[in-house]
Structures are given as C-alpha cells and as structure tokens.
Amino acid sequence: MRIRDEHKEQVVKQKALELLVNQGFEGFSMQKLARAANVSPATLYIYYKDKEDLIVSIGREIGEKLNQEIFKNFDTNASFTEGMRVQWQNRANFMLSHQLEMTFYEQIKSSTFREAISADIVSEFREKMSIFMQNAINRKEVKPIPIEVFWSVAYAPLYNLLRFHNEGKNIGGQPFEFSNEIMWQTFDLVMKAFKI
C-alpha cells in the first residue's frame, strides 16, 4: 500500500481548487487534476475515493477553517455591536486572505454538495449565534427578527463589499478596493438598522 505524502496532498488540494474555481464542477475531472498536480491518477485515490469525496472533503475543510476564524475572539456574551464587529473583522480577514477558497466555497453553497459539507458547520454556527442573539435580545439591544432578515442585514453588505473588491470594481464599473474605512462606515450603517 502506498503511503500518503502530505506535500503531494497539499499540491493536489491546491490544484483541485484552481481547477474547480476556473472550470466548475462539470469541467473538472480526476484526470485533469492528475495532470495539473503532476501525479498519476492512481495517486489521487490514495487521498480520495472519487471526485465527489474530493469536493466534499475540500469543502468541509474550508468550512471548518472559516467557522474557526469567524469565532476567533468572539464572545457570545459580548454586546451586540462588539460581537458583530468581531464577526465582520474575522470574516473580512479570512475572505481577503483566502480568496480562491472562498470562491470555491460559494460555488459549493449553490451546488448539490451543499448539504454534505454544511450540516456540522451550520449547527455549530447556529448554536453560538443563537446564544449571542438571545443575549442581545434579553439586554434589549436588538428586537427579535427572522433569521433571514438578520442574515440579509447583518452580513450581505460586507459580502458585497468583498465581492466588489474581488472583482476590482463596484456596481457602476469604477475601480474599487476594500478598506477598513469603507468596512467600518458600512458596519455603522448596519448597526443603525438593528437599533430598537
């Protein structure tokens, strides 16, 4: 039996991400990956059962890293504004430093692989954020709202700024670069929307 080579496995993951982002799930194949990673097709099967296993495995790994980063220095007992500030900073840091991974993760969220990668990740997120929100509601910092409304107001503005940054232009086609100044200006407006 062949031994796993960690370096080779990292090269395979990186090449898989590049191919999946650039060619999509339909254009991706294990043969193409083997060529891009400069390994034999048989080597891929040391690490993954098949194409689906590879996609799900990489998706879960990115989701877990994102989740860990989101909750870095996050306290469910923090004030609503402070907790959200930590969330925004953590999300922005991760997304800016892992653009390829986040593009892939967005692809996965719109695919049939979504359920396979998100169950564990979503449950941990839901648990921590439920405690955080209930604490904020109990302190009368925010009023109860449906989760869809919360998500749309709380995070969509940040994600749009990051999308504009990744595309290098704003919705009007002018050059755009993400900055802390723009992020916190947007954050202040979002916090005003939550005020009781």
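Residues numbered from 1 in each chain as written. Predicted model: local features only at pLDDT ≥ 70, side-chain atom pairs only at ≥ 80, totals over all residues. Heavy atoms only, no water.

**Let's talk about the packing of aromatic side chains**
- Under the criterion given, the structure shown has 16 aromatic pairs.
- Their ring planes at 25° and their centres at 6.5 Å tell us that Tyr-155 and Tyr-159 sit as a pair that is stacked.
- Note on Tyr-155: relative accessible area 0%, which makes it buried.
- Relative to Phe-176, the ring of Phe-164 has its centre 6.0 Å away and its plane inclined at 75°; by these criteria the two rings are edge-to-face. Of this pair, Phe-164 sits in helix α9 (residues 156-167) while Phe-176 sits in the loop between α9 and α10 (180-194), and the two are 12 residues apart along the sequence. You'll find Phe-164 and Phe-176 in the same group, each marked buried.
- Three or more aromatic residues joined by ring pairs make a cluster, and in this case those are Phe-71, Phe-74, Phe-80, Phe-125, Phe-132, Phe-150, Trp-151, Tyr-155, Tyr-159 and Phe-194.
- Above the plane of the ring of Phe-71 lies Lys-128, whose end atom (NZ or CZ) is 4.7 Å from the centre. (Phe/Tyr/Trp six-rings, centres within 6.5 Å; stacked < 30°, edge-to-face > 60°. Buried < 20%, exposed > 50% of the residue type's maximum accessible area, 1.4 Å probe, protein only. Helix = DSSP H or I, 4+ residues; strand = E, 2+ residues; numbered from the N terminus. Lys NZ or Arg CZ within 6 Å of the ring centre and 35° of its normal.)

**Describing the environment of Val-56**
- Turning to its location among the elements, Val-56 is positioned in helix α4 (residues 51-70).
- Exposure remark for Val-56: the relative accessible area of 13% places this residue in the buried category.
- Dropping the residues within four chain positions of it, Val-56 is found in contact with Phe-113, Ala-116 and Ile-117. (Contact = heavy atoms within 4.5 Å.)

**Quick look at the UniProt feature "domain: HTH tetR-type" (unreviewed entry) in the protein**
- Look at the UniProt record and you will see "domain: HTH tetR-type" (unreviewed entry) annotated at residues 6-66.
- Summarising residues 6-66: 87% helix, 0% strand, and an end-to-end C-alpha distance of 22 Å. (UniProt positions renumbered as here; feature names shortened; annotations may be inferred.)

**A few points about the UniProt feature "DNA-binding region" (unreviewed entry) in the protein**
- UniProt's feature table lists "DNA-binding region" (unreviewed entry) at residues 29-48, given in the numbering used throughout.
- The span residues 29-48 shows a helical share of 75% and a strand share of 0%, and its end C-alpha atoms are spaced 13 Å apart.

**Describing the packing of helix α1 (residues 6-27) against helix α6 (residues 99-109)**
- Interhelical geometry of α1 versus α6 gives an angle of 50° and a closest axis separation of 10 Å. On the basis of their axis angle, the class for α1 and α6 is oblique. Of the two elements, α1 crosses α6, and the hand of that crossing is left-handed. Note on element contacts: α6 touches α1 through Leu-100, Glu-101, Thr-103, Phe-104, Gln-107 and Ile-108, opposite Gln-14, Leu-17, Glu-18, Leu-20, Val-21, Gly-24 and Phe-25.
- Among the residues forming the contact of α1 with α6, the class breakdown is 7 nonpolar, 4 polar and 2 charged. (Axes fitted to C-alpha atoms, helices over the stretch in contact; angles between N-to-C directions. Parallel < 35°, antiparallel > 145°, perpendicular 65-115°, else oblique. Left-handed = near helix turned anticlockwise from the far one by under 90°. Nonpolar A, V, L, I, M, F, W, Y, C, P; charged D, E, K, R; others polar.)

**Thoughts on unusual backbone geometry**
- With phi around 60°, Asn-38 is a residue other than glycine that occupies positive phi space.
- Looking at where Asn-38 falls in the secondary structure, it is placed in the loop between α2 (30-37) and α3 (41-47).
- Residue Asn-38 is classed as exposed on the basis of its relative accessible area of 71%.

**Considering the environment of Gln-23**
- Summarising the element assignment, Gln-23 is placed in helix α1.
- Judged by its relative accessible area of 38%, Gln-23 falls in the partly exposed class.
- Reaching out from Gln-23, the side chain makes a polar contact with the side chain of Lys-32 at a distance of 3.3 Å. (Polar contact = N/O pair within 3.5 Å; in protein donor to acceptor, adjacent residues only side chain to side chain.)

**Points about helix α5 (residues 80-97)**
- The first and last C-alpha atoms of α5 sit 26 Å apart over 18 residues, in line with the 26 Å expected at 1.5 Å per residue.
- Three or more residues of α5 are buried, namely Phe-80, Gly-83, Met-84, Val-86, Gln-87, Trp-88, Asn-90, Arg-91, Ala-92, Phe-94 and Met-95. (Expected span 1.5 Å × (residues − 1).)

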